[in-house]
Structure formats: C-alpha cells, structure tokens
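Here is how the chains run, residue by residue.
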Amino acid sequence: MTSENSPLLHYRLFSVSDGALGPADSALCGTETITAGPAPRKLSTFFGVVVPTVLSMFSIVLFMRIGFVVGHAGLLQSLLMLFVAYAIIWLTVLSVCAISTNGAVQGGGAYFMISRTLGPEFGGSIGLMFYLANVCACGVYVLGLVEAVLDIFGKDTSGISDPLRALPQGYGYNFLYASVVLLLCLSVCLVGASIYSQASFFIFIVVLLVLLSILLSFVAVGPLHVTIRHGDNTTIIGEYTGINSTTLHNNLHADYSLDYTTGNLMNFATVFAVMFNGCTGIMAGCNMSGELKQPSRAIPIGTIIAVIITFFVYLILFLMTSLTCNRTLLKEDYGFFRSINIWSPFVLIGVYATSLSASMSTLIGASRILHALAKDDLFGILLSPAKLVSKGGNPWGAVVYTWFLVQVSPY
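Residues numbered from 1 in each chain as written. Predicted model: local features only at pLDDT ≥ 70, side-chain atom pairs only at ≥ 80, totals over all residues. Heavy atoms only, no water.

The name an unreviewed UniProt entry assigns to the protein is Solute carrier family 12 member 9, from the organism Pelobates cultripes. The annotation that UniProt attaches to the protein under Sequence similarities (unreviewed entry) is "Belongs to the SLC12A transporter family." (UniProt positions renumbered as here; feature names shortened; annotations may be inferred.)

Structure follows, in structure tokens:
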C-alpha cells in the first residue's frame, strides 16, 4: 500500500523522502544515507495548485487573442479547437494524476515523477528540456509584459503629444524594463513559496474581477462603434452590437484572412496554435510539488479543478464574443475587450497581472526542477550551486541560477 512516504522507484536515484533512505534501502541501492531533512510543506491544494495553474492557463491569450480566434475561425471552428485542445490537455492531466498518486512526491514536479517512474535516463533528459522550456517561457512572458506596458505608456513615434506616453523605447530601454520586471519576480521567488502563493492569490483575485467586468460589459454596455487605427493613416470602424442573433449567425463560420499584426494569411493550423498556447500551463501546480502539504492528493485534484474552470471561462467568452462583436472588430482589434469594457483600464490590469503571474510561475517552477536535477547529481558539478537551500527550505541557489539564465538569454 503506497502512501506519502512510499517511494515511486528505487533505481539508482535516492529515495523520494528528500534523499533519505532507510538502512535496508541504502544497501539495496548501493548508496549512502543522506541525513538532510525535508523542507516544510505549507501549501494547500487551492493555493499551491489551483491558483498557479489557472493563472498559467489564462495568461495574456485570454485578453488579447479571443477576438483573433473567433474572428478568423468563427464560433463553430473555435469550439472545435477548444474541445481538441482540452482533449489533448485532459490526456496529459490523466497521466499526471496516475503518476502523482503512485507514491510519494517530492520537489521537482514532472521531472521527479518521471525519473522515479521510468528511471533517471528518461527523467533527466525530459527534466532538462522541461527546465529550459520554462526558462525560455519566463523570458517570453517578461517581454510580453514589457511590450504590453509600452503599447500604452511608450513614447509615440508618430510625434503625437500624449502625457501618458512618457516611457522611452528602444532595444536598450526594453532590455532595462525587462530586467527590472525579472528582478521583481526574483525578489518574490527568493523569499519563498509562501510569498509566491500569496502574490499569486492576489493576482488571481484581480484576474477574476477583470473577467467579471468583461462578462458584465457584454450585458451592460449598449451597441457602439469602435474606431480602430492602424498606423498613422488607416482608420477602421468596428461594431459592437450587444447580444444579437444576427451577429451570432454572421460569426458562426470561418472567414480566414490576413492578420493585421503580421500580414500573413491565417488558417486553421495557425489559429489553433495561438489558441492552444493559451490553454497550456497545467504543470504550474505540479512544479510546486515540494511545497504542497499532500502532493499526491493536491496535484490531481487541483489540476483537474483548474482545467475545468479555464475550459468554461474560454467557452463562455467564445460564445459571448460571437454574440456581440462583428468580424471587423474581432479581426482588426485584438484588444477589443478594452474598447467595450465598462472601465477600460480593467483589461490592462488583467493583461499586466496575468503576464507577471506567468513570469513568476515559470521562474519558480523552473527553479524547483533544477534543484531536483542538482540533488540527483545527474549533471555533476555543473549544477552544484543549485543545491543551495535556505534555512526555510527555499532552493535559492536554483532560483538565482534560473534567473541568471533568463537574464542572459537573447531578447
């Protein structure tokens, strides 16, 4: 009978109780007993799994690409994409549930579970790739946040005077802004998982309020015409009709055309790729396995709850968007939520909050994977700094190591 203290696998690597083996197990594995005590586990299912997973699955796509998907693919194909994406996600979630309930789970998330189930060769290779993917994702989320800020507050190159547009732009300035954001994420992650969970919960509340404002806007805001400007000379008028059956009928079928941001012709594959990117992030809670009170129970339950929540949010937004906005508005203004909101800054707050949350989530998640890789000595002295842990059990060495890789990665 397995429990929170039962190992997943004795195969070259140490036991799952944070490296501690019993005498018999030590002899069996041919290793020496390690006396380091386990780090304290404080996070519940909700704070440790549901909140970070929901925020990671929403990301900036929720606020900036709903119109893109419905505008090009139409409601029917958008729903097809949604169901296909969540069918793929559901298979992954079931795999995570099966492995995480197969024995004790320590820090390292997916790497730890795979390495103790399939062996260190599979676990090490997959863990390294997963770690590097999180490093790259952190950089992308940070840059996404910087671009979202500069889109509103950056100096206008056309020369139009606007007191809000005060931030200078350019490669050097963008790098500086990204570095400041990354330092903010580093400071939160260095304090520990508890502060991270509190910050994530605050962002979670903010995002829920923003989503509530968007849903209320679909009902409270009357029909209006939205002026859309591309560049200095192009002006387009989009229409928000309110809940209208004719608008729904016009938005049912696909109408793929040129993307105004890239100039490329869209098709099912490209739109699905953008939409699916907004549904990923299911490993955010799994990466916090070392800080969860009951990881074998929290990971499957919390991940399933998060997937269900995000699925219905996307479903409702697809339906309401198709009922209220014409194709011109959806295709020509991907930030149309701001134009039709009862208070437009709400949407900006949601964009900034989700981007910041995703940046922190990938930074702290990657550090936990790296710490587990370092403890298993799969890459020798190269990862020795990642073994350093604070008195409270926070792997600050892995956090700094990861921050440095994100900082020096090419922007």
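In this section: the overall build of the protein. When you go through the protein residue by residue, the secondary structure sums to 15 helices and 2 strands. Here the protein, with 411 residues, has 50% of them falling under the buried criterion. Accessible area for the protein stands at about 18,200 Å²; split by element, carbon and sulfur atoms hold 68% of it. (Helix = DSSP H or I, 4+ residues; strand = E, 2+ residues; numbered from the N terminus. Buried < 20%, exposed > 50% of the residue type's maximum accessible area, 1.4 Å probe, protein only. Areas by Shrake-Rupley, 256 points an atom, 1.4 Å probe, with all protein chains shown as cover.)

On to the UniProt feature "transmembrane region" (unreviewed entry) in the protein. Under the local residue numbering, the UniProt record ascribes the feature "transmembrane region" (unreviewed entry) to residues 46-68, 80-105, 126-150, 170-193, 200-221, 265-286, 298-320 and 340-366. This span, residues 340-366, is 85% helix and 0% strand, and a straight line between its end C-alpha atoms measures 37 Å.

Counting 110 residues, the largest nonpolar core has Phe63, Tyr86, Met275, Phe318 and Phe337 as the members making the most contacts within it. Residue contacts for Phe337: discarding those within four places in its chain leaves Leu62, Phe63, Ile66, Ile214, Phe218, Leu317, Thr321 and Val347. (Core = buried A, V, L, I, M, F, W, Y, C linked by side-chain atoms within 4.5 Å. Contact = heavy atoms within 4.5 Å.)

Our next topic: the environment of Leu319. Relative to the elements of secondary structure, Leu319 occurs in helix H11 (residues 295-324). Overall, Leu319 belongs to the partly exposed group, its relative accessible area being 34%. With 68 residues separating them in the primary sequence, Leu319 and Asn251 have C-alpha atoms 10.0 Å apart.

Its place among the elements puts Ser296 in helix H11. A polar contact of 3.0 Å, which involves the side chain of Ser296, links it to the backbone oxygen of Ser100. (Polar contact = N/O pair within 3.5 Å; in protein donor to acceptor, adjacent residues only side chain to side chain.)

Our next topic: a nonpolar patch on the surface. A grouping of Ile205, Leu208, Leu209, Leu212, Leu216, Ile342, Trp343 and Ile349 is seen on the molecular surface, where their side chains present a nonpolar patch of about 710 Å² in accessible area. The element best represented in the nonpolar patch is helix H8 (residues 193-220), accounting for 5 residues. If you trace the backbone, Leu208 turns up in helix H8. (Patch = residues over 30% accessible without salt bridge, like charges linked within 9 Å, V, L, I, M, F, W, Y side chains within 5 Å. Salt bridge = Lys/Arg side-chain N within 4 Å of Asp/Glu carboxyl O.)

As a packed pair, H8 and helix H14 (residues 345-375) sit with axes 9 Å apart at the nearest point and diverge in direction by 150°. Classified by the interaxial angle, the pair formed by H8 and H14 is roughly antiparallel. The handedness of the crossing between H8 and H14 comes out as left-handed. Between H8 and H14, the contacting residues are Ala193, Tyr196, Ala199, Ile203, Val206, Val207, Val210, Ser213 and Ile214 on the first element and Phe346, Val347, Ile349, Gly350, Ala353, Thr354, Ser357, Met360, Ser361, Ile364 and Arg368 on the second. In the contact of H8 with H14, the residues fall into 14 nonpolar, 5 polar and 1 charged. (Axes fitted to C-alpha atoms, helices over the stretch in contact; angles between N-to-C directions. Parallel < 35°, antiparallel > 145°, perpendicular 65-115°, else oblique. Left-handed = near helix turned anticlockwise from the far one by under 90°. Nonpolar A, V, L, I, M, F, W, Y, C, P; charged D, E, K, R; others polar.)

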